[in-house]
Amino acid sequence: MYVASTRIRGGTKREGDGKGRIPGTVLALGTVSLLTDVSAEMVTAFLPVYLLYTLQVGYVQFGLLDGLYNGATAILRLVGGYGSDRLGRPKLVALFGYGLSAVTKVLFPLAGASAAGIGGILAADRAGKGMRTAPRDALISLVTPPDRLGRAFGVHRAMDTVGALFGPLLTFLILAKLGSSPEPVFVVSFCFAVLGLIVLAAFVRERPVEPAARKKISIRRGLNLLRERAFRRATIAATLLGLVTISDAFVFVVLQKAAHVPIGLLPLLPLGTALVFLLAAAPLGRLSDRIGRWPVFFAGHVLLLVVYVTLLLPGGGYPMVVVALLAHGAFYACTDGVLMAYAGGMLPESLRGTGMATMQTGQAVARLASSMVFGFMLAGMALTSAVLALVVAMFAALVAVAFLVRKQASA
């Protein structure tokens, strides 16, 4: 088993050692993610309205496009993670990824009603996310003492979620004031993305890796991580759960239909999830440092099962919306940063980006498949039947994962 060191090379302590504080690099990256998430969530909140109600695409097309939006990061997560390890410059790779996503925001209006054009831009946007995610998370884990990884990732994700709160709200206000024209949404989104790039370039510090250490990094060494039993089982388990995790867009669309929420309020539904995530991310991150990161991650998917069951309740109305969004936000607080804290505790510093990217890729590919399959299910059967099948699949996956990782619950 690889064990992460509590000190960086040369004996220098990590930021915040002995102080119980969150490292400044984590806070700077949190600010970058906050600004970038305002940009990204503006687009995420607008896409269901834009695709389903403005362009009138079908559920199958929507599932394909939404799956592409959430799953196109898959291979490039590995590229970003390996590249940051090989170059020894995770900040540089992250900067490229953030920049690529920023550029796509001004390209969306040029695609018009072309599903192929929108799909291509979505792919480029998510490619940028794929390139930046593992290097960013590696930067966080490399400057944080192992016993505070859960807290550090929780604080980062909480700051990220502030952006997730403001993004849909800005989209709602723009649509309310200026109508359904897409151009204002994408222009404002671009401006926030550029601000995030400026903060990353100016305020995030990294520790370059010595050339001798970089020469030891290879694709083969990265693949050998999966030979480690604990890491392999955790990656398989995360992938299995990803196969039964439908995208946020589908959760909100199904919730809007099942609870009979007016279409005009659809862009606001992500706010409920984001608010709960914001409030719960740091406390649950600290909890994972105390009781174990895997139990908290697993509990998050039990909460996702609660979301799916809630979508089946007849005539739930707004109480149904409240319950679903509470559970959905808590699901993210239990899983998003916690999984990377769990991975960071078992990976060597020299392969931190590659290992995190490997685990993230399994999830991304699985969620891509999940969105596509669920889109076909909604097109071919009643909404209730599709959600019921999802509930059964999630329950089966939880049982399988509990058996697979039962000996690692306290990791």
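Cut-offs and rules
Residues numbered from 1 in each chain as written. Predicted model: local features only at pLDDT ≥ 70, side-chain atom pairs only at ≥ 80, totals over all residues. Heavy atoms only, no water. Helix = DSSP H or I, 4+ residues; strand = E, 2+ residues; numbered from the N terminus. Buried < 20%, exposed > 50% of the residue type's maximum accessible area, 1.4 Å probe, protein only. Contact = heavy atoms within 4.5 Å. Areas by Shrake-Rupley, 256 points an atom, 1.4 Å probe, with all protein chains shown as cover. Axes fitted to C-alpha atoms, helices over the stretch in contact; angles between N-to-C directions. Parallel < 35°, antiparallel > 145°, perpendicular 65-115°, else oblique. Nonpolar A, V, L, I, M, F, W, Y, C, P; charged D, E, K, R; others polar. Phe/Tyr/Trp six-rings, centres within 6.5 Å; stacked < 30°, edge-to-face > 60°. Salt bridge = Lys/Arg side-chain N within 4 Å of Asp/Glu carboxyl O. pLDDT = per-residue confidence, 0-100. Core = buried A, V, L, I, M, F, W, Y, C linked by side-chain atoms within 4.5 Å. Polar contact = N/O pair within 3.5 Å; in protein donor to acceptor, adjacent residues only side chain to side chain. Expected span 1.5 Å × (residues − 1). Left-handed = near helix turned anticlockwise from the far one by under 90°. Bend = angle between axes of the 7 residues up to and from the residue. Patch = residues over 30% accessible without salt bridge, like charges linked within 9 Å, V, L, I, M, F, W, Y side chains within 5 Å.

## Some details on the overall build of the protein
The number of helices and strands found in the protein is 17 helices and 0 strands. Expressed as a percentage of its 411 residues, the buried residues of the protein come to 57%. Look at the contacts in the protein between residues 6 or more apart in sequence, and 86% of them connect residues 24 or more apart. Of the accessible surface of the protein, which amounts to about 15,900 Å², a share of 70% is contributed by carbon and sulfur atoms.

## So, the packing of helix α7 (residues 149-178) against helix α13 (residues 269-291)
One way to put it is that α7 packs onto α13 with a least axis distance of 7 Å and a crossing angle of 175°. When the axes of α7 and α13 are compared, the pair comes out roughly antiparallel. Broken down by class, the residue content of the contact of α7 with α13 amounts to 16 nonpolar, 5 polar and 4 charged.

## What to know about the packing of aromatic side chains
Going through the model one piece at a time under the given rule, you end up with 5 aromatic pairs. Ring centres of Trp294 and Tyr342 lie 5.4 Å apart, and the angle between their planes is 45°; this geometry places the pair in the tilted category. On the criterion of sequence distance, the pair formed by Trp294 in helix α14 (residues 293-310) and Tyr342 in helix α15 (residues 317-344) is long-range, its members being 48 residues apart. Each member of the pair, Trp294 as well as Tyr342, is classed as buried. The structure contains a cluster of three or more aromatic residues connected by ring pairs, namely Phe277, Phe331 and Tyr332.

## Looking at the pattern of salt bridges
Counting across every chain of the model gives 5 salt bridges. The closest approach of N and O atoms between Asp125 and Lys105, which form a salt bridge, is 3.2 Å. You can see Asp125 sitting in helix α6 (residues 115-143) and its partner Lys105 sitting in the loop between α4 (90-104) and α5 (108-111), a full 20 residues away along the chain. Judged by its relative accessible area of 0%, Asp125 falls in the buried class. Note that Arg157 and Asp336 form a salt bridge whose closest N and O atoms lie 3.4 Å from each other. Of this pair, Arg157 sits in helix α7 while Asp336 sits in helix α15, and the two are 179 residues apart along the sequence. By relative accessible area, which is 3% here, Arg157 ends up buried. What you see here is one network of salt bridges that share partners, running through Arg136, Asp137, Arg157 and Asp336.

## Overview of unusual backbone geometry
Although it is not a glycine, His260 sits at a positive phi angle of roughly 60°. If you trace the backbone, His260 turns up in the loop between α12 (248-258) and α13.

## Section: the confidence of the model for the protein
Low pLDDT marks regions whose predicted coordinates should not be analysed in detail. Mean pLDDT over the protein: 81, with 83% of residues reaching 70 or higher. Ranking the helices and strands of the protein by mean pLDDT puts α14 first, with 95, and helix α9 (residues 211-214) last, with 50. In the model, residues 1-13 has pLDDT below 50 throughout and makes 34 contacts with residues more than four positions away in sequence or in other chains.

## Points about the nonpolar core
In globular proteins that are soluble, nonpolar side chains generally tend to be buried together. Within the largest apolar cluster, 85 residues are counted, with the highest numbers of intra-cluster contacts made by Leu255, Trp294, Tyr308, Leu339, Met359 and Phe374. The leading source of residues in this core is α15, at 15 residues. With residues up to four places along the chain from it excluded, the contact list for Tyr308 reads Val244, Thr245, Ile246, Val387, Leu390, Val391 and Met394.

## A few points about the side chain of Lys105
Residue classification places Lys105 among the buried positions, given a relative accessible area of 3%. Of note is the side chain of Lys105, whose polar atom sits 3.1 Å from the backbone oxygen of Ser101. Once residues within four sequence positions are removed from consideration, Lys105 is found in contact with Ser39, Ala40, Val43, Asp125, Phe186, Ser189 and Phe190.

## A word on α4
In a regular helix each residue adds 1.5 Å, so 15 residues correspond to 21 Å; α4 covers 22 Å between its end C-alpha atoms and thus fits that length. What α4 keeps buried is the set Pro90, Lys91, Val93, Ala94, Gly97, Tyr98, Gly99, Ser101, Ala102 and Thr104.

## Some points on the packing of α15 against helix α16 (residues 352-380)
Angle between the axes and distance between the axes: these two values describe a pair of packed helices. Following both chains from N to C, one finds α15 and α16 inclined at 145°, their axes separated by 8 Å at the closest point. In the packing of α15 onto α16, the handedness of the crossing is right-handed. In contact with Phe331, Leu339, Met340, Ala343 and Gly344 of α15, α16 contributes Arg352, Met356, Met359, Gln360, Gln363 and Arg367. Residue composition of the contact of α15 with α16, by class: 6 nonpolar, 3 polar and 2 charged.

## Quick notes on α13
For α13, with 23 residues, the first-to-last C-alpha span of 32 Å sits near the 33 Å given by 1.5 Å per residue. In the structure, α13 departs most strongly from a straight axis at Ala280, where the bend amounts to approximately 40° and where the proline Pro283 lies between one and four residues downstream. Taken from the residues just after α13, Gly292 is the one with a positive phi, measuring 115°.

## With respect to the environment of Ala123
By secondary structure assignment, the location of Ala123 is in helix α6. Accessibility expressed as a relative area gives 25% for Ala123, which makes it partly exposed. Separated by 22 residues in sequence, Ala123 and Ser101 place their C-alpha atoms 9.7 Å apart.

## Description of a nonpolar patch on the surface
Taken together, the side chains of Val103, Val106, Leu107 and Leu110 present a nonpolar region at the surface, about 350 Å² in accessible area. Along the chain, Leu107 falls in the loop between α4 and α5. In this structure Leu107 comes out as partly exposed when scored by relative accessible area, which is 34%.

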